[in-house]
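This is what each chain is made of:
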Amino acid sequence: MSTPTIGVLALQGDVREHLKALADTGAQARPVRRSEELDGIDGLVIPGGESTTMSKLAVVFGMLEPLRAFVRAGKPVYGTCAGMIMVADKLLDAREDQETFGGIDMIVRRNAFGRQNESFEAAIDVEGIPGGPVEGVFIRAPWVESVGAAAEVLATYDGHTVAVRQGNVLATSFHPELTGDHRVHALFVDMVRRARGDTRQRAVRSGGRATGGSKTV
């Protein structure tokens, strides 16, 4: 199987750490700053950072609607921390003008675990990841208040949902890219491989290029 190409949204946030984690798990990783660069990737990571700033920059650089279309097309997307906020359909404690890309039917509360000086690490059992708990780094982290019927809770911490998957969209409250344990990234790379294979099979069966569904954000 050929190497998947996975982009890391490079508008703002911890881009370099994700690029390294993806490369270490067998993907070809590249930063994505322009809408046309979405055409050359099989999946996308939305990094941690500051979600309000990320939202504003996506609008300024003309990336908001292309990113929403990328999600609606069924392409794999993984959001960490601020990235979790950006793939949520609904937010709590957010600015009224904050935009998201959508993708997971969930309500996310921003900065739910506290401020920067309340950051912490914790061992997190994530469904679908063998080998015991992963080390989660929580920095001004959100948590998930509730999920819709289509979303699957993969992990909780202290009674709060901190990892969710819906179809080809994965999200975690914590930063696995800041540790040496890249099993969450390996899970996402596997999601990309599977989705790419499914897309190619659909294209062959239909005699043309596969098309994705739609989802209103």
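The structure displayed is predicted, hence computed values, not measured ones.

Observations concerning the pattern of salt bridges
Phase 1: According to the stated counting rule, one finds 12 salt bridges in the structure shown.
Phase 2: Notably, a salt bridge pairs Asp-181 with Arg-183, separated by 2.6 Å at the nearest N-O pair.
Phase 3: Note on Asp-181: relative accessible area 22%, which makes it partly exposed.
Phase 4: Looking at Arg-183, the relative accessible area reads 23%, which means it is partly exposed.
Phase 5: The partner of Asp-190 in a salt bridge is Arg-194, and the shortest N-O contact between them spans 2.8 Å. Separated by 4 residues within a single helix, Asp-190 and Arg-194 lie in helix α5 (residues 183-206), roughly one turn from each other.
Phase 6: Residue class for Asp-190 comes out partly exposed when judged on its relative accessible area of 33%.
Phase 7: Several salt bridges converge on common partners, so that one network encompasses Arg-34, Glu-36 and Glu-37.

Comments concerning the side chain of Thr-100
Phase 1: Looking at the secondary structure, you find Thr-100 in the loop between β5 (88-92) and β6 (104-109).
Phase 2: Taking the relative accessible area as the measure of exposure, Thr-100 reaches 6% and is therefore buried.

With respect to the pairing of β6
Phase 1: Alternating residues of β6 divide into Ile-104, Met-106 and Val-108, all buried, and Asp-105, Ile-107 and Arg-109, none buried.
Phase 2: Sheet topology places β5 next to β6; 4 bridges connect them, and they run parallel. From the neighbouring strand, Ala-88 faces β6, where its bridge partner is Ile-104.
Phase 3: With 4 bridges connecting them, β6 and strand β9 (residues 143-147) associate as antiparallel partners. If you follow Met-106 over to β9, its bridge partner there is Val-147.

Some remarks on helix α1 (residues 15-24)
Phase 1: Buried within α1 are the following residues: Val-15, His-18, Ala-21 and Leu-22. Buried residues along α1 cover an arc of 130 degrees about the axis, so they all sit on one side. Facing away from the buried side of α1 by more than 90 degrees, the exposed set consists of Arg-16 and Lys-20.
Phase 2: Looking one or two residues beyond α1, the residue adopting positive phi is Gly-26, at roughly 95 degrees.

So, unusual backbone geometry
Phase 1: Although it is not a glycine, Asp-93 sits at a positive phi angle of roughly 60 degrees.
Phase 2: Tracing the backbone shows Asp-93 in the loop between β5 and β6.
Phase 3: According to the relative accessible area criterion, Asp-93 is exposed, its value standing at 52%.
Phase 4: The phi angle at Arg-140 is positive, at roughly 50 degrees, despite the residue not being glycine.

Considerations on the nonpolar core
Phase 1: Core analysis: the largest hydrophobic core is formed by 31 residues, its most contacted members being Ile-6, Ile-124, Val-126, Phe-138, Leu-170, Phe-174 and Phe-188.
Phase 2: When contributions to this core are tallied by element, the ones reaching two or more residues are β1 (5-9), α1, β7 (120-124), β8 (134-138), β10 (152-157), β11 (160-166) and α5.
Phase 3: Looking at this core, the element that brings in the most residues is α5, giving 6 residues.
Phase 4: Look past the residues within four positions of Ile-124 in its chain and what remains in contact with it is Pro-133, Val-134, Gly-136, Phe-138, Ala-155, Tyr-157, Val-162 and Phe-174.
Phase 5: Counting residues in each nonpolar core, the second largest holds 30 residues, with Leu-38, Ile-85, Ala-151 and Val-169 among its members.

What counts as what
Numbers given to residues run from 1 along each chain, matching the order in which its sequence is written. Only residues with pLDDT of 70 or above have their local features reported here, since the model is predicted, and side-chain atom pairs are shown and tallied only from 80 upward, although totals for entire chains, interfaces and linings are computed over all residues. Computation of side-chain values covers all heavy atoms of the structure but excludes hydrogens and water. Should a side-chain nitrogen of Lys or Arg be within 4 Å of a carboxyl oxygen of Asp or Glu, the pair is scored as a salt bridge. Working definition: with a 1.4 Å probe on protein chains only, accessible area under 20% of the residue-type maximum means buried, over 50% means exposed, and in between means partly exposed. The secondary structure listing takes helices from DSSP runs of H or I that are at least 4 residues long and strands from runs of E that are at least 2 residues long, numbered from the N terminus. Strand pairing requires that DSSP identify at least two bridges connecting the strands. Each direction from the helix axis to a C-beta atom contributes to the arc, which is the arc of those directions. Put simply, a nonpolar core is a bunch of buried Ala, Val, Leu, Ile, Met, Phe, Trp, Tyr and Cys residues held in one set by side-chain atoms that sit within 4.5 Å of each other. Between two residues, a contact is recorded if the distance between any of their heavy atoms is within 4.5 Å.

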